[in-house]
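Understanding the architecture of this molecule
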Amino acid sequence: MNEIEFNGEIYNDERMFVLYVCKCTVDINDDVISTTIYHEEAPENYKWCVVTYRNVTRYMSTRVDHFDSESDAIAYMKKVEPDVPLISLGGKSPHDPLPYDQFVIWKERNKFKEYDYKKMYLPGGSNPREVIYKKNTEY
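**Here we look at the sheet that holds strand 6 (residues 61-67)**
Across the sheet, which stays open at both edges, the five strands sit in the order 6-5-3-4-7 with antiparallel pairing between neighbours. Since the sheet does not close on itself, it has two edges, and those belong to strand 6 and strand 7 (129-135), each with one partner. Within the sheet, the average angular offset between the axes of one strand and its neighbour, ignoring direction, is 35 degrees. One ladder, built from eight bridges, connects strand 3 (residues 17-29) with strand 5 (residues 47-54); its direction is antiparallel. Paired with Cys-22 across the two strands is Cys-49, which belongs to strand 5.

**Let's talk about the environment of Ile-37**
Residue placement: Ile-37 occurs in strand 4 (residues 32-38). Taking C-alpha positions, Ile-37 is 5.3 Å from Arg-129, a pair spaced 92 residues apart along the chain. Leave out the neighbours within four places in its chain, and Ile-37 touches Tyr-20, Cys-22, Lys-23, Cys-24, Cys-49, Val-51, Tyr-53, Pro-128, Arg-129, Glu-130 and Ile-132.

**Considerations on unusual backbone geometry**
Apart from glycine, the bulk of residues carry a negative phi angle, and the bulk of peptide bonds sit in the trans form. You will see that Asn-7, though not glycine, has its phi angle at about 50 degrees, which is positive. Given a relative accessible area of 70%, Asn-7 falls into the exposed group. You will see that Lys-111, though not glycine, has its phi angle at about 60 degrees, which is positive. Structurally, Lys-111 is set in the loop between helix 2 (100-109) and strand 7. Residue classification places Lys-111 among the exposed positions, given a relative accessible area of 63%.

About the cut-offs
- Residues numbered from 1 in each chain as written.
- Predicted model: local features only at pLDDT ≥ 70, side-chain atom pairs only at ≥ 80, totals over all residues.
- Heavy atoms only, no water.
- Pairing = 2+ DSSP bridges.
- Helix = DSSP H or I, 4+ residues; strand = E, 2+ residues; numbered from the N terminus.
- Axes fitted to C-alpha atoms, helices over the stretch in contact; angles between N-to-C directions.
- Contact = heavy atoms within 4.5 Å.
- Buried < 20%, exposed > 50% of the residue type's maximum accessible area, 1.4 Å probe, protein only.

This is a description of form; function is not addressed.
Have a look at this one:
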């Protein structure tokens, strides 16, 4: 692995964040929005989301964006991902981000790993999911 220490945290690699496209459901109750992320099987009324995780051992979620279609979620990810802050830039985003296809090549060349939900769950469970809560004013 390409672990790097930065500001007292151990990051999995050069990227401070990783993005993950997946199915979800969204519930809005008064001042709280809950997003349930389905890593395997989702209910029929699912939406799509892009979850931004801090690229540290426990992959803490920092943001979730909702979409009506997979293609919209992927388009958003392709637009945003090359602009993630990098440790080599002191935690800042690149001034001139790579086009997405070149960014993918850069990740592969450096052997960077993507978010793998299976590493976050103990073996033996079924249909892993997680819930992210945000205040409605943050939506």
